[in-house]
Amino acid sequence: MREALKEMDKAVYFTAMGLIALIVLTLAFCPDVIIGFIQGAFQIVVGKLGWMYVLVNVICFGMFFYLYFSKYGNIKLGKPDEKPRFSTFSWAAMIFTSGAGSSTVILGFAEPLYYLTDTPFHLKAMSTKAYEYAHMYGQFHWGFSAWAFYVPAVTAICYMLYIRDSKDVKISNTMTPLFGERFTHTILAKIIDVCVVLGIVASITTSLGLGVPVMSKLISDLTGIPANMWMQIFVFAVWFAIFGWSVFRGLNNGIRKLTNLNMIIIGIFLAGFVCVTPLGDLISMELNTIGLYLDKLPRLVFYTDPFGDKKFVSGWTMFYWGWWLTFIPIMGIFIAKVSQGRTLKQVLLGQMVYGTLGCCTFLGLLGGYSLYLQRHGIVNLVAILAKEGNEGVVLAILHTLPLPKIFIVVTIVLCFVFLATTIDSTALVLGNATSIHLDPNRDPHLYNRFSWAIAIFVLAIALTLVGGLNLIQKFAIDIGFWLIFITILLSISVVHAMKEDYGDKTKEEMIEIFQNGKAERKEMKDE
């Protein structure tokens, strides 16, 4: 315990833990107070400042194109002669699976059905156009626009780790090029790190809030045990047990084994699903979606519904943009750690393409099948969604498949392993974010990581039991709002660092330095 405290950034750790404890206690004893605060903040953020989510998404997209096509895209993350840490296939597979998760399975089935009645652009509900946009819009929310949010964090963390040779992967450390080396010791840096920690907690809490009711319903269908509060607590307990096993086994034997298991289960699930569903119809839907997406992309990116009720934009697009913002520290560190030895443009293009494929594979297949069932009158999923929510829809869809019990079991295992891996990775990132000068090659102390897992589960249980998924979504949007400013600072800081180090070099000189290995990076910086 003494060793854990020694390497801990106490100001960040105890401030963030104290705020989480305050939220949990208020939910337990004065739930109306915290519910009112979360909903009030949501009304301000979405009603008055929602345009900022759209603007920061455009900035992140712009940064991707700027870095990819500029001379800075040729920067190599490592020594000039260094080979990639992982093969291209393994690297792509890791990014693909990081995009897929329990939420993509659940919302892959359910999300398009919401869009049939809660339509974008004020389309007529249940119309042919509504069906087309329903299949496309989920892939917009989970596709390139979503992954663009990670560009500033991935770039900044990669640059500090592999070019500036920093030993600190905290978000505040990536701003030292802008504010100076002493910045990490300032109050503002601590506030930034606390906001990042709360954002990470909000991201995984939302995933748990989406997953637990559905898992409870599926287990209830198999066992006959009612899907009540105790079933939900049981689901939380199983997830916590899997996480605990992974933590005590260590990074290589824990997360690695869970990730390998993930790939096997994904393959089994998708292969079985494709074999028993109308694949021709699903391919036809996806081709149409690609065309619609390319045709309407500018409108999708800039859509704020200024003359309407903003119901769709605030309920869906701004929720997703706020949610993705809370994931930037996790994805930034993860992608940086697995991308050593590659050029910056390879990393940015890879995370955009392979991450999007991971998400849209599930959205396209599962969502397409949901719409097929609804359109052909096989099951009235829209009515089930209105009455029973996501959990009712997922169960009803699985029961339309041959051998439904087997598909239900595979779905349960898939979601359990998906989220256990995510929680484990999240605890690892939280440990890094609340440690002082931790070597990037070392894991945070076990006590640190385990304490964050406990905090996440306690908060998720409290929010789920008191306000349900709707409250959790608003909580994520509120927290994500503050990460808008952090994302902008990250973008400015890393571009400033690149110009400071290599602003006087031409594109040809950059290629010579980083790809041909004819000059050492350090020598160029010391000139």
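The structure under discussion appears in the preceding block.
Only a predicted model underlies this, so the values are computations on that prediction, with no experimental measurement involved.

So, how was this worked out
Residues numbered from 1 in each chain as written. Predicted model: local features only at pLDDT ≥ 70, side-chain atom pairs only at ≥ 80, totals over all residues. Heavy atoms only, no water. Helix = DSSP H or I, 4+ residues; strand = E, 2+ residues; numbered from the N terminus. Rg over C-alpha atoms; globule rule 2.2 N^0.38 Å. Buried < 20%, exposed > 50% of the residue type's maximum accessible area, 1.4 Å probe, protein only. Contact = heavy atoms within 4.5 Å. Areas by Shrake-Rupley, 256 points an atom, 1.4 Å probe, with all protein chains shown as cover. 1 Å grid on protein atoms, 1.4 Å probe; cavity = no way out; pocket = protein on both sides within 12 Å on 5 of 7 lines; lining within 4 Å. Points joined across faces, edges and corners; volume = space filled by probe spheres on them. Nonpolar A, V, L, I, M, F, W, Y, C, P; charged D, E, K, R; others polar. Patch = residues over 30% accessible without salt bridge, like charges linked within 9 Å, V, L, I, M, F, W, Y side chains within 5 Å. Salt bridge = Lys/Arg side-chain N within 4 Å of Asp/Glu carboxyl O. Phe/Tyr/Trp six-rings, centres within 6.5 Å; stacked < 30°, edge-to-face > 60°. Arc of directions from axis to C-beta. Axes fitted to C-alpha atoms, helices over the stretch in contact; angles between N-to-C directions. Parallel < 35°, antiparallel > 145°, perpendicular 65-115°, else oblique. Disulfide = S-S within 2.5 Å. Core = buried A, V, L, I, M, F, W, Y, C linked by side-chain atoms within 4.5 Å. Expected span 1.5 Å × (residues − 1). Bend = angle between axes of the 7 residues up to and from the residue. Left-handed = near helix turned anticlockwise from the far one by under 90°.

Here we come to the overall build of the chain. Within the chain, the secondary structure is distributed over 23 helices and zero strands. What you see for the chain is a C-alpha radius of gyration of 23 Å, in line with the 24 Å of a compact globule of 527 residues. Looking at the chain as a whole, 59% of its 527 residues qualify as buried. For the chain, contacts bridging at least 24 residues in sequence account for 82% of all contacts bridging at least 6. When the accessible surface of the chain is split by element, carbon and sulfur atoms take 65% of a total near 20900 Å².

Here we come to empty space enclosed by the protein. Counting across every chain of the model gives one cavity of 30 Å³ or more. Of the pockets and cavities examined, the largest cavity occupies roughly 40 Å³. Lining the largest cavity we find Val169, Lys170, Ile171, Val196, Ile200, Pro329, Ile333, Val429 and Ala433. Of the residues that constitute the lining of the largest cavity, the class distribution is eight nonpolar, no polar and one charged.

On the surface, Leu279, Ile283, Leu287, Ile290 and Leu294 cluster together into a nonpolar patch covering about 480 Å² of accessible area. Look at Ile283 and you get partly exposed, because its relative accessible area is 46%.

Taken as a whole, this structure holds 42 aromatic pairs when the rule is applied. Note on Trp147 and Tyr150: the rings are 5.3 Å apart at their centroids and 90 degrees apart in plane angle, and the pair reads as edge-to-face. Trp147 gets classed as buried once you look at its relative accessible area, which sits at 3%. The class of Tyr150 is buried, set by a relative accessible area of 4%.

Buried within helix H22 (residues 507-514) we find Met510, Ile513 and Phe514. Axial view of H22: buried residues confined to an arc of 80 degrees, hence all on one face.

The next point concerns the packing of helix H14 (residues 279-302) against helix H17 (residues 344-375). Any two packed helices are characterised by how steeply their axes cross, that is the angle between the axes, and by the distance between the axes. Their axes nearest at 9 Å, the elements H14 and H17 cross at an angle of 110 degrees. Relative to H17, H14 is oriented roughly perpendicular. Contacts from Asp281, Leu282, Met285 and Glu286 in H14 reach Gly364, Leu365, Gly368, Tyr369 and Tyr372 in H17. Residue classes in the contact of H14 with H17 are distributed as five nonpolar, two polar and two charged.

What follows covers the state of the cysteines. Across all of its chains, the model carries zero disulfides by this definition. For the unlinked cysteine Cys195, the closest cysteine sulfur is that of Cys60, found at 17 Å.

A few words on the pattern of salt bridges. It is possible for side chains bearing opposite charge to pair when their charged atoms get close. For the coordinates displayed, the defined rule picks out nine salt bridges. A salt bridge links Lys190 to Asp9, with the shortest nitrogen-to-oxygen separation between them at 2.9 Å. On the criterion of sequence distance, the pair formed by Lys190 in helix H11 (residues 187-223) and Asp9 in the loop between helix H1 (2-6) and helix H2 (10-29) is long-range, its members being 181 residues apart. Residue class for Lys190 comes out partly exposed when judged on its relative accessible area of 22%. The exposure class of Asp9 is buried, given its relative accessible area of 3%. Glu388 is the salt-bridge partner of Lys217, the closest N and O atoms lying 3.5 Å from each other. Of the two residues, Lys217 sits in helix H11 while Glu388 sits in helix H18 (residues 381-398), which places them 171 residues apart along the sequence. You can call Lys217 partly exposed: its relative accessible area is 25%. Glu388 gets classed as partly exposed once you look at its relative accessible area, which sits at 34%.

Next up on the list: unusual backbone geometry. With phi around 50 degrees, Asp305 is a residue other than glycine that occupies positive phi space. The topology assignment puts Asp305 in the loop between H14 and helix H15 (311-326). Residue Asp305 is classed as buried on the basis of its relative accessible area of 6%. Here Leu403, not a glycine, exhibits a phi torsion of approximately 50 degrees, which is positive. Mapping Leu403 onto the fold places it in the loop between H18 and helix H19 (404-433). When its relative accessible area of 60% is taken as the criterion, Leu403 is described as exposed.

Attention shifts here to the nonpolar core. Tyr137, Trp239, Tyr320, Trp324 and Trp452 are the most contacted members of the largest nonpolar core, which totals 180 residues. The biggest single contributor to this core is H11, with 17 residues. Dropping the residues within four chain positions of it, Tyr137 is found in contact with Tyr115, Pro120, Phe121, Leu300, Tyr303, Phe312 and Thr317.

All right, on to the environment of Thr104 then. Tracing the sequence through the fold places Thr104 in helix H6 (residues 102-117). For the pair Thr104 and Cys360, spaced 256 residues apart in sequence, the C-alpha to C-alpha distance is 8.6 Å.

Turning our eyes to something else, we now look at H15. For H15, spanning 16 residues, the distance from its first C-alpha to its last is 22 Å, which sits close to the expected 22 Å at 1.5 Å a residue. Along H15, the sharpest kink reaches roughly 30 degrees, centred on Met318. Most of H15 is tucked away: 14 of the 16 residues are buried.

Relative orientation of the contacting elements H6 and helix H7 (residues 128-142) amounts to 140 degrees, with a least axis distance of 8 Å. Put simply, H6 runs oblique to H7. The handedness of the crossing between H6 and H7 comes out as right-handed. Of the residues in H7, those in contact with Ser103, Thr104, Leu107, Glu111, Pro112, Tyr115 and Leu116 of H6 are Ala130, Tyr131, Ala134, Tyr137, Gly138, His141 and Trp142. Of the residues assigned to the contact of H6 with H7, the class counts are nine nonpolar, four polar and one charged.

Purely spatial values, then, with no claim about function.
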